[in-house]
Amino acid sequence: MFKNYFKIAVRNLLRHKAFSFVNILGLAVGMASCFLIFLYVSFETSYDNFNKKADRIYRIVSDIKTPSEVIHSGITIAPLAIYLKKDFPEVEDAVRLASDGFLVTKGDIKFQEKRTLLVDSTLLNVFDFPFVEGNKVTALTEPMSIILSQTASKKYFGNEDPLGKHVLLTGAAINATITGIMKDIPENSQIHADMLVSMSSAKQIYGQSTSDSEWTNHNFLTYLLLKPNANAKRLEEKLPAFMQKYHGQQMRELQMYETLFLEPLRDVYLKSTHTEVFPATILTTGNINNVYIFSIIGIFILLIACINFINLTTARSAERAKEVGIRKMAGALRFQLTKQFISESIIITLIAFIIAVVLSVLALPWFNQLAGKTISTGIFSNSLQIAELFLLSILIGIFAGFYPSLFLSSFKPVSVLKGRFSTSTKGLMLRKGLVVFQFVISIALITGTIIVYTQMNYMRNKDLGFNKEQEIIINTNFDKNKDAFRQSLSSISGVLSSVYSSSVPGGDYTSAYSEMQNAKGETQKTNLNLYFINYDYINQYQLKLTAGRSFSKDFATDSTQAMIINESAAKMLGYTSAQQAVGRNFSQWGRQGKIIGVLKDFNYKSLQQQIEPLTMRIEPGAFGLISIKVAANNLPSTIKAIENKWNTIVPNRPFEYNFLDDAFNQQYNAENNFGNLFLNFAVLAIFISCLGLLGLSSYSTIQRTKEIGVRKVLGASVSSIVNLLSADFLKLVLIAFVIATPLAWFAMNKWLQDFAYRTHISWWMFALAAIASLLIAFATISFQAIKAAIANPVKSLRTE
Amino acid sequence: MINISQLEKVYRTEEVETVALNKLTMDIKTGEFVAVMGPSGCGKSTLLNILGMLDDPDDGSFIFNGIEVAHFNERKRADLRKNNIGFVFQSFNLIDELTVFENVELPLIYTGVKTADRKKRVEEVLDKVQIMHRRNHYPQQLSGGQQQRVAVARAVVNHPKLILADEPTGNLDSSNGNEVMQLLTELNEQGTTIVMVTHSEHDARYSHRIIRMLDGQTVTENILI
């Protein structure tokens, strides 16, 4: 019997080639989009799964409560790993990771490495980074031991076997030995590093070993490996007492109360609320909302494609009606016909599946690029995945074929065989409803895209409160010749000015335990973000003072006893005007003095985040960065001149620089990728919707051939016929617009909440989406309508 | 074989109510060849549909082979239909996407006959209607007469006890029409009961008995033999 179904399905497809094409193409494109999203979602949810013990690994995070705020910190204190392992039998192992960038030298080869980690020797017992050479157990025990990734190994040693060979790290007097090689850490790992340096090397590198009893040293990521069957919740409940025992007195003194939590390893990437100060190159974070959003988009696109299928199949029911009648007459029961039509729909989806797989394979490199990472190297690399997708296709076939099969199998043989069958009204409401649904989704996606792009544009162009143009940033990595280099810059004609600092807007900063005099005259303990800057910094970045004065060499005490804060800090301390804050006392990291000025708030972090309180002080020992203000003209030659100076004065380090505005905007890479993906899927959604519209409109045009002929004979113009045929469908698009607008408004308003600084949703965005979708829909429909309208009426009448 | 009494069927649309069968009563014996005649709209086709269990009556009794079927549900009707009744229509009603062989095979598929058996039976019946040489052709490639012969072949492949023919020659020229009538006569002679709706007095003369209908009722009966 199935053979019979198959035969008739294939013959039907071949007989109605245009319909089959539209039907299958729509499904295939929808399925391909869905597959790509499926890969994306599986990739995003696969983070850290390669660790065999993943379900026993927890990251320690903490909430630090000060009298002023609660800090959600992912960075933990040095002794935790050691004492937790000692005190709690359920802790099998613990490991700390600290991030630092090293200048790595091997003969003439030198690189300023950014992805390097100092790690405890227990690392490879906790994590399953793919180790290929060396002794996994002892590789990280000795001081000055390094495990290299294969990429790093290639960089320094080419095809040589690097095991036992040496490289030199900055600061260290002696060589470090390569004790192990690992494959590059998988992309779906929250931790990324090209080089793992043994924690015990700290003494050689920094001149002091990691203080294992310093309970205020927040510098480490700490991961615990619990024993099998250990209860993480119960362990977490015991941690407050643990903190009291070792750190209680200090917490009371500092008024910084730290509560520890255990975050399951698999939740860290997508769900952690404890944001990092670790560089994103080492610790990657995702966004569970994006996973949800794309899952929803994937389902929507699939729905749109299924609706096409449903619409096109039911629209053509008249052609199948006779067959239904004959089969019923020949003894077919309704469920047998239902089965037949569902089988047919599965056959069609399987054809679409094959095309979709081909499309996905072709689109994958492009999709990886859009997503900003390699979500998959090939759909065929994972046979389980392809099996899942295959199964999904069959489900799609059943889902899409369900209604049409019920609809078709319900026909009464009497009426269809007698030709008393009119499909024009049967199921028409439903088809119209489904078209409206498709366009609701499409218009909502278009509106969403417009809003995402407006927000991106807003972020790129908003006045941040400082001048980010023509600022070149060079990280000296505290090279001993940095002063000579900076002084030499003034001789370059394109360099307008240059200034030292520890931080620049958009980049890293420290946060410091501070005791500040507040509006009530009390000493308020708090943790404040801190920039170390030199005298000209405020001037060069064109930051605006609202009260007091800037740092000045005229005041001898400015270099050690002066602080400038921003308005947010003044507000946090309770001052109602900036002026009140000037002259108040501070104590921070061993320095005491007075606040000399208050700066107007500027966005030193990305616009997703509120401007937080900020303090600025002069501390030459912390100056690692040079900001160079350059003239806009002759930029390449200016940069060349800077490079020449660098290479002469700092020959042992490679010349690296970036533009502040580029670096600042890189904070929006994730949003950019999101926006691009969003745009592409919106385009696909509307494309599939239009395919459906094309199919439906051509079908209804065929049905109305006679009417069109009669009208033309009676003198109707081409344009009036086009209007006649288009109006019905355009009405549907308008209804869809009315429904989509509040939905899109609601969803996008919610999306925008993630941005502390955001654009306003305004009417033109919806109007633009409406006009765009109307134009696209009209172009689709009019193609058929015009063809019908200009046809010779005699011909159309003769077809009856 | 068929006993109908007080059968009623009314078609309703929003505005009009059309009485198709008005307390109709008739009996048809096994082995009979009956022609039903009457003007358009007299209820002949409705009668045929009810006899074929494609439609159910609103009221009255319909006994088929001793079983009351007037209130059978769709499934039971389909069961009874596929084992007992064959149809021949004016417009042939062949499935365009299936070949001659596959069209004729269809009823056997639904009655669950095995493949090898199906082949034998289809070939047998195609032979009988002399269309064997066209077995792999599609309906559109055949003449009207040939298509109707295929339809007849399909109607009898299951060895039904009753054949219902609705204007079987209506779309055919006279020589093709006569061939089809010959075929039906032969089937009748081999024992199949035939009820045929027709406008053609010529065709009606092939039958044993002519029932004339008007406004949903029988008006006269002529017995020809």
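No experiment lies behind these values; they were computed from the predicted model shown.

Within chain A, the secondary structure is distributed over 26 helices and 23 strands. Taken along its principal axes, the extent of the C-alpha atoms in chain A is 105 × 55 × 55 Å. A buried classification covers 54% of the 800 residues belonging to chain A. Of the accessible surface of chain A, which amounts to about 34,000 Å², a share of 58% is contributed by carbon and sulfur atoms. Taking the average place of the 77 positive charges on the side chains of chain A and the average place of its 58 negative ones, the gap between the two points comes to 15 Å.

As a further point, take the environment of Trp745(A). Residues and elements named next belong to chain A. Mapped onto the elements of the fold, Trp745 is located in helix α24 (residues 718-752). Relative accessible area serves as the criterion here: at 41%, Trp745 is assigned to the partly exposed category. Each C-alpha atom, one on Trp745 and one on Ile761, is 7.6 Å from the other, the two residues being 16 residues apart in sequence. In contact with Trp745, not counting residues within four places along its chain, are Ile761 and Phe766.

What follows concerns the sheet that holds strand β1 (residues 2-12) of chain B. Residue and element names in this part refer to chain B. Strand order across the open sheet formed by 4 strands is β2-β1-β4-β5, with antiparallel pairing between neighbours. What marks the edges here is a single partner per strand, and that holds for β2 (17-28) and β5 (67-68). Relative to strand β4 (residues 59-64), β1 runs antiparallel, the two being bridged by 5 bridges. Note that in β4 the partner of Ser5 across the bridge is Ser61.

All right, on to the interface of chain B and chain A then. On the chain A side, the residues contacting the 28 residues of chain B number 26 residues. When the two sides are added together, the surface that chain B and chain A hide from each other amounts to roughly 2,600 Å², 56% of it contributed by carbon and sulfur. The tally of links from chain B across to chain A stands at 4 salt bridges. Close ionic contact of Arg15(A) with Glu97(B) constitutes a salt bridge, the shortest N to O distance being 2.9 Å. Seen at the junction of chain B and chain A, the total is 8 residue pairs in polar contact (both at pLDDT 80 or more).

This next bit is on the sheet that holds strand β23 (residues 658-659) of chain A. Residues and elements named next belong to chain A. Ordered by their spatial adjacency, 4 strands build an open sheet running β14-β22-β13-β23, and the pairing between neighbours is antiparallel. Unpaired on one side and paired on the other, β14 (495-501) and β23 mark the two borders of the sheet. Sheet topology note: the strand β13 (residues 471-475)/β23 ladder contains 2 bridges and is antiparallel. Counted as the bridge partner of Ile472 is Phe659 from β23. Those strands touched by helix α20 (residues 635-649) are β13, β14, β22 (625-630) and β23, and its axis lies near 20° from that of β13.

What follows deals with the pairing of strand β4 (residues 91-106) of chain A. Residues and elements named next belong to chain A. Of the pairings in the sheet, the one linking β4 to strand β11 (residues 218-226) comprises 6 bridges and is antiparallel in character. Bridge pairing links Val95 to Tyr223 in β11. Of the strand pairs in this sheet, β4 and strand β5 (residues 109-119) are connected by 9 bridges, and their pairing is antiparallel. By the bridge assignment for β5, Val104 is matched with Phe111. Linking two consecutive strands that pair antiparallel, namely β4 and β5, is a turn of 2 residues; a positive phi of about 60° is found at Gly107 within it.

Turning next to the packing of aromatic side chains. All names here are of chain A. A complete count under the given rule lists 41 aromatic pairs over all chains for this structure. Aromatic pair Phe294 and Phe681: ring centres 6.2 Å apart, planes at 65°, arrangement edge-to-face. Placement of Phe294 in helix α9 (residues 288-315) and of Phe681 in helix α22 (residues 669-703) is noted, with a sequence separation of 387 residues between them. Taking the relative accessible area as the measure of exposure, Phe294 reaches 2% and is therefore buried. A relative accessible area of 3% places Phe681 in the buried class. Ring-pair connections join several aromatic residues into one group, and the members of that group are Phe466, Tyr509, Tyr531, Tyr537, Tyr541, Phe602, Tyr604, Phe664 and Tyr668.

The rules behind these values
Starting afresh in each chain, residues are numbered from 1 along the sequence in its written order. As a convention, the first chain written is A and the first ligand written is 1, with the rest following in written order. With pLDDT at 70 or above as the cut-off, local features in this predicted model cover only qualifying residues; side-chain atom pairs require 80 or more to be listed or tallied, and sums for whole chains, interfaces and linings still use all residues. The side-chain quantities take in all heavy atoms of the structure and omit both hydrogens and water. Starting at the N terminus, helices and strands are each numbered in turn, a helix being any DSSP run of H or I of at least four residues and a strand any DSSP run of E of at least two. A 1.4 Å probe rolled over the protein chains alone gives each residue an accessible area, and that area as a share of the maximum for its type sets the label: buried under 20%, exposed over 50%, partly exposed in between. Working definition of accessibility: Shrake-Rupley area with a 1.4 Å probe, residue cover restricted to the visible protein chains. Note that His is not counted, nor are the chain ends; the positive residues are Lys and Arg, and the negative ones are Asp and Glu. For the purpose of locating charges, the reference atoms are NZ of Lys, CZ of Arg, CG of Asp and CD of Glu. A contact between two residues is defined here by any heavy atoms of the two lying within 4.5 Å. For two strands to count as paired, DSSP must find a minimum of two bridges between them. Two parts placed together each lose some accessible area; with a 1.4 Å probe, that loss summed over both constitutes the buried area. Basic side-chain nitrogens of Lys or Arg form a salt bridge, by our definition, when they fall within 4 Å of a carboxyl oxygen of Asp or Glu. The definition of a polar contact used here is a pair of N or O atoms within 3.5 Å, where within protein one atom must be able to donate a hydrogen and the other to accept one, and adjacent residues in sequence count solely through side-chain atom pairs. Between N-to-C directions, angles cover 0 to 180 degrees, with each direction set by a line fitted to C-alpha atoms, over the stretch in contact for helices. Geometry of aromatic contacts follows a simple scheme: Phe, Tyr and Trp rings, the Trp one being its six-membered ring, pair when their centres are within 6.5 Å, and the pair is stacked under 30 degrees between planes, edge-to-face over 60, tilted otherwise.

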